[in-house]
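Residue strings, one per chain:
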Amino acid sequence: MAMALRAASRVLLRAGSRLGRREAVDGARRFANKRVLVETEGAAGATRIAVMKFRNPPVNSLSLDFLTEFVISLEKLENDKSIRGVILTSDSLKRGNQTKVAATEKTEEKRATRDHGGRLQERPGIFSAGLDLLEMYGRNPAHYAEYWKAVQELWLRLYLSSLTLMSAINGASPAGGCLLAITCDYRIMADNPKYTIGLNESLLGIVAPFWLKDNYVNTIGHRAAERALQLGTLFPPAEALKVGVVDEVVPEDQVHSKTLSVMAKWLAIPDHSRQLTKTMMRKATADNLIKQREADIQNFASFISRDSIQKSLHMYLEKLKHKKG
Ligand SMILES: CCCCCCC/C=C/C(=O)SCCNC(=O)CCNC(=O)[C@H](O)C(C)(C)COP(=O)(O)OP(=O)(O)OC[C@H]1O[C@@H](n2cnc3c(N)ncnc32)[C@H](O)[C@@H]1OP(=O)(O)O
């Protein structure tokens, strides 16, 4: 198992050096794959933190390519001993005077809607729309198995990361988007009622895997998770805060600065004691998946291949397509 993980890491790192590129920008360092931009802050030799920005238009769905690039980026950061904290956030279109970094013109058009006067109005931001439905629909069992292995890998690496991870949730965060957030040590969400977060799998006719359920239970408690999972609840910020899916809700333009200031407090704790504590809290949950990874992959591939499940996903995709008036 350890050998397999090391071999997989070597492959990912080799792919990373092919895919990645480094640039120096105003003293800060950054590297970017096509779908993940990483910026590091802090002077050389000192503790630095990194901001990982998702840019997989139109909705930051967790496609196989995105998952691969995400894991490559995370691995690079884990191997950089000067980095102690990482912030996960979305680089997608934002409103107001914030920048539009990732979008092509066509995507911008897609990410906008017209008001009654025909003017383009930007739509709400998206942290991540979750797993890519097109990776789970209309493919073959071998593809489903490959995809699920990548999903597991991302979750394990985030959940067990020795880094301090924080999410700056600047948009909608359903299902796999919520997964990204709840693997983090701390979550800060923008106070915008249009943004919701939660595990809504049951609304799609599918079921969250046991390890994601365990992560949810560990975050919000058994009773709240039982109710929210069955109903597929997507919580607006105030409710997400109340139930504990997120730790703080702040005005949208303060999400980044607030996350930086909370990160500074966490980084004041000695790494070794914080890391050992994190492992103590999380190891049993992660081990539960590690000891049955292959069975979980086979279970997913056969579940998602069922005609009834494919039909549910088809209906959900059609609903998404036709919701635009
Ligand atoms: C043992 C079995 C275990 C199975 C476990 C499986 C666990 C699954 C976890 C998941 O993550 S499933 C995915 C759940 N995600 C969602 O339900 C989100 C669906 N999307 C939305 O609600 C909205 O798109 C949005 C994120 C709120 C954004 O809304 P907006 O109005 O801004 O954009 P749209 O016009 O809806 O979407 C644009 C474009 O993107 C496509 N799309 C949206 N979400 C996904 C997705 N998750 N995967 C792939 N594609 C997605 C959408 O269809 C549109 O496509 P086009 O019509 O423009 O081609």
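A short tour of the structure in this document, coming up. (Residues numbered from 1 in each chain as written. Predicted model: local features only at pLDDT ≥ 70, side-chain atom pairs only at ≥ 80, totals over all residues. Heavy atoms only, no water.)

**Topic: the overall build of the chain**
Across its full length, the chain holds 12 helices and 14 strands. Sequence separation of 24 or more characterises 71% of the internal contacts of the chain that already satisfy a separation of 6 or more. About 16,000 Å² of surface is accessible on the chain, with carbon and sulfur atoms providing 56% of the total. (Helix = DSSP H or I, 4+ residues; strand = E, 2+ residues; numbered from the N terminus. Contact = heavy atoms within 4.5 Å. Areas by Shrake-Rupley, 256 points an atom, 1.4 Å probe, with all protein chains shown as cover.)

**Let's talk about the pairing of strand β4 (residues 48-54)**
Where burial is concerned, most of β4 is hidden: seven out of the seven residues are buried. Alternating positions in β4 separate into two faces, Arg48, Ala50, Met52 and Phe54 on one and Ile49, Val51 and Lys53 on the other, with burial throughout. Two strands pair when backbone bridges link them, and strand β3 (residues 36-41) and β4 are joined in this way by six bridges, in the antiparallel orientation. By the bridge assignment for β4, Leu37 is matched with Lys53. Relative to strand β6 (residues 83-90), β4 runs parallel, the two sharing seven bridges. (Buried < 20%, exposed > 50% of the residue type's maximum accessible area, 1.4 Å probe, protein only. Pairing = 2+ DSSP bridges.)

**A closer look at unusual backbone geometry**
That bond from Pro57 to Pro58 is cis: its omega, 5°, falls within 30 degrees of zero. Along the chain, Pro58 falls in the loop between β4 and β5 (61-62). One non-glycine residue with positive phi stands out, namely Asn60, at about 55°. Here Asn60 is to be found in the loop between β4 and β5. Of note, Ala175 is a non-glycine position whose phi angle comes to about 45°, a positive value. Mapped onto the secondary structure, Ala175 falls in the loop between β11 (173-174) and α5 (176-182).

**As for the packing of helix α2 (residues 64-79) against helix α4 (residues 141-159)**
Axis angle and axis distance: for two packed helices, these are the angle between their axes and the distance between the axes, and together they describe the pair. Between α2 and α4, whose axes approach to 10 Å, the crossing angle comes to 30°. Relative to α4, the element α2 lies roughly parallel. Once α2 is placed against α4, the crossing between them reads as left-handed. When α2 is examined against α4, the residues Leu64, Leu67, Phe70, Val71, Leu74, Glu75 and Glu78 are found in contact with a partner set consisting of His143, Glu146, Tyr147, Ala150, Val151, Glu153, Leu154, Arg157 and Leu158. Partitioning the contact of α2 with α4 into residue classes produces 10 nonpolar, one polar and five charged. (Axes fitted to C-alpha atoms, helices over the stretch in contact; angles between N-to-C directions. Parallel < 35°, antiparallel > 145°, perpendicular 65-115°, else oblique. Left-handed = near helix turned anticlockwise from the far one by under 90°. Nonpolar A, V, L, I, M, F, W, Y, C, P; charged D, E, K, R; others polar.)

**Section: the nonpolar core**
The biggest cluster of nonpolar side chains holds 84 residues, and the ones touching the most others in it are Phe70 and Tyr216. Looking at which element gives the most residues to this core, the answer is α4, with 11 residues. Other than its neighbours up to four places away in sequence, Phe70 contacts Val36, Met52, Phe54, Leu88, Leu154, Leu158 and Leu180. (Core = buried A, V, L, I, M, F, W, Y, C linked by side-chain atoms within 4.5 Å.)

**With respect to the pattern of salt bridges**
Overall, the coordinates contain 18 salt bridges when judged by the stated rule. We note a salt bridge from Glu39 to Lys53, for which the minimum N-O separation is 3.2 Å. Here the residue Glu39 occupies a position in strand β3, and Lys53 occupies one in strand β4, the gap between them amounting to 14 residues. We classify Glu39 as buried; its relative accessible area is 17%. Linking Glu318 and Lys321 is a salt bridge whose minimum nitrogen-to-oxygen distance equals 3.8 Å. With Glu318 and Lys321 both in helix α12 (residues 307-322), this residue pair falls three residues apart, about one helical turn. A residue is classified by how much of its surface remains accessible, and Glu318, at 26% relative accessible area, is partly exposed. Each of Glu75, Glu153, Arg157 and Arg293 takes part in salt bridges that share partners, so that together they form one network. (Salt bridge = Lys/Arg side-chain N within 4 Å of Asp/Glu carboxyl O.)

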